[in-house]
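# Close look at the chain arrangement
So you can see what is in the structure, the chains are spelled out below.
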Amino acid sequence: MSQDKLKEAVAWAALHYIYPGAIVGIGSGSTVMYFIEALNTIKHKIDGSVSSSKESTIRLKDLSIPIFDPNEVDKVDVYVDSADEINSQMQMIKGGGGALTSEKIIAAMSKKFICIVDSSKQVDILGRFPLPIEVIPMARTYVARKLIQLGGLPEYRQNIITDNGNIILDVHNLLIYDPIKMEKTINNLPGVVTVGLFAIQMADVVLISTINGIKTVVK
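Report on the accompanying structure. (Residues numbered from 1 in each chain as written. Predicted model: local features only at pLDDT ≥ 70, side-chain atom pairs only at ≥ 80, totals over all residues. Heavy atoms only, no water.)

### Considering the side chain of S56
Note the threshold: Segments assigned H or I by DSSP are reported as helices when at least four residues long, segments assigned E as strands when at least two residues long, and all are numbered from the N terminus. For the purposes of these results, a polar contact is taken to be a pair of N or O atoms within 3.5 Å, where, inside protein, one atom must be able to donate a hydrogen and its partner to accept one; residues adjacent in sequence count only when each atom of the pair is a side-chain atom. Note on contacts: a residue pair is in contact if any heavy atoms of the two residues lie within 4.5 Å.
Mapping S56 onto the fold places it in helix α3 (residues 54–62). A distance of 2.7 Å separates a polar side-chain atom of S56 from the backbone oxygen of G27. Sequence-distant contacts of S56, defined by excluding residues within four places in its chain, comprise I26, G27, S28, V32, M33, I36 and S51.

Set out below in structure tokens:
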């Protein structure tokens, strides 16, 4: 089975967690695009959605799925998103597409966070995928120096401005043995908006698409 087919299968499996009247948080990325297509089949049953990225918002609008601004809702019932890497403790690296801050906000607002991935995203130790960090532009050099002290090799993501008007540093060569500690350390650096580690805010349910079917892991 191709990776695209694995992504599509796990996206449709996430519909099991969407119930009538729900406000659904929508992440970003290729797997989530399959989920949006699946959600379109039951859009008449939900109250609407909250989107984490411009790309997801465009697709939701194309399909006439109602979208709320996060400030217009008290809560998000279910948040569905993918991950760039995930370990056995359900801790993740996210933000490859640059929407990590919005994704973290919507995850925090949500009653339940469903992570949908294919089996290629599973790792023993986080850090093989470069760790994205959203940074205020004036702090880029300062934060980069601090990341080098932590053992990483930060790379400025050229020609990318986040939806919040900031830049992204992708940190290579950083094996993350204690994701919670690393998340706190990086988030405490002045100038960091947020880091793409989802260790404090983990998923509640992880759906993993494999050649043998969908594996479900519950926190």
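The structure having been displayed, the exposition proceeds.
### A closer look at the nonpolar core
In plain terms, the rule: Take the buried residues of types Ala, Val, Leu, Ile, Met, Phe, Trp, Tyr and Cys, join any two whose side-chain atoms come within 4.5 Å, and each joined set is a nonpolar core. Only protein chains enter the area calculation, which uses a 1.4 Å probe; residues under 20% of their type maximum are buried, those over 50% are exposed, and those in between are partly exposed.
In terms of nonpolar packing, the biggest core is built from 24 residues, with I18, V24, I26, F35, L39, V80 and I116 touching the most fellow members. When contributions to this core are tallied by element, the ones reaching two or more residues are α1 (3–13), β1 (23–26), α2 (30–39), β3 (76–81), β6 (110–118) and β12 (205–210). Sort the elements by how many residues they give to this core and α2 lands first, with 5 residues. Among residues more than four places away in sequence, those in contact with V80 are A14, I18, G25, I26, G27, V32, F35, I114 and I116. If you look at the next biggest cluster of nonpolar residues, it comprises 21 residues, including V123, A144, V171 and L197.

### Overview of the sheet that holds β12
Note the threshold: The pairing criterion is simple: DSSP has to find at least two bridges between the two strands. Here an axis means a line fitted to C-alpha atoms, over the contact stretch when the element is a helix, while the angle between two N-to-C directions is reported on a 0 to 180 degree scale.
With mixed pairing, 6 strands are arranged side by side in an open sheet as β2-β1-β3-β6-β12-β13. On the outer flanks of this sheet lie β2 (48–51) and β13 (213–218), each paired with one strand and no other. Each strand axis lies, on average, 20 degrees off the axis of its neighbour in the sheet, ignoring direction. With 5 bridges joining them, β6 and β12 adopt parallel strand pairing. Along β12, the bridge assignment pairs I114 with V205. Relative to β1, α2 is tilted by about 155 degrees, and along the sheet it contacts β1, β3 and β6.

### Details of the sheet that holds strand β5 (residues 92–93)
As summarised here, the arrangement of the 3 strands in space is β4-β5-β11, forming an open sheet in which the pairing is antiparallel. Two strands in the sheet have a free side with no partner beyond their single neighbour: β4 (85–86) and β11 (197–198). In the sheet, β4 pairs with β5 via 2 bridges, with the strands oriented antiparallel. Considered in β5, the bridge of I86 is made with M92.

### Focus on the pattern of salt bridges
Definition in use: Criterion for a salt bridge: a side-chain nitrogen of Lys or Arg within 4 Å of a carboxyl oxygen of Asp or Glu.
Across all of its chains, the model carries 12 salt bridges by this definition. Between E8 and K5 there is a salt bridge, with its nearest N and O atoms 3.8 Å apart. With E8 and K5 both in helix α1 and 3 residues apart, the pair spans about one turn of that helix. The partly exposed category is assigned to E8, whose relative accessible area is 28%. Since its relative accessible area comes to 48%, K5 is described here as partly exposed. When the shortest N-O distance is used, the salt bridge between D81 and K94 registers 2.5 Å. Residue D81 is located in strand β3, and its partner K94 is located in the loop between β5 and α4 (100–109); the two are separated by 13 residues in the primary sequence. As far as burial versus exposure is concerned, D81 and K94 are alike and both buried.

### Digging into the environment of G152
Within the secondary structure, G152 is located in the loop between α5 (140–149) and β8 (153–156). C-alpha separation for the pair G152 and V171, spaced 19 residues apart in sequence, amounts to 5.7 Å. Excluding anything up to four places from it in sequence, G152 contacts L147, V171, H172, N173 and L174.

### A word on the packing of α1 against α2
For clarity, the threshold we go by: Note on terminology: angles under 35 degrees are roughly parallel, angles over 145 are roughly antiparallel, angles of 65 to 115 are roughly perpendicular, and the others are oblique. Each crossing gets its handedness from the near helix: less than a right angle anticlockwise from the far helix is left-handed, clockwise is right-handed.
Packing of α1 against α2 brings their axes to within 8 Å, and their N-to-C directions diverge by 50 degrees. Between α1 and α2, the angle falls in the class oblique. As for how α1 packs across α2, the hand of that crossing is right-handed. Between α1 and α2, the contacting residues are D4, K7, E8, V10, A11 and W12 on the first element and S30, T31, Y34, F35 and A38 on the second.

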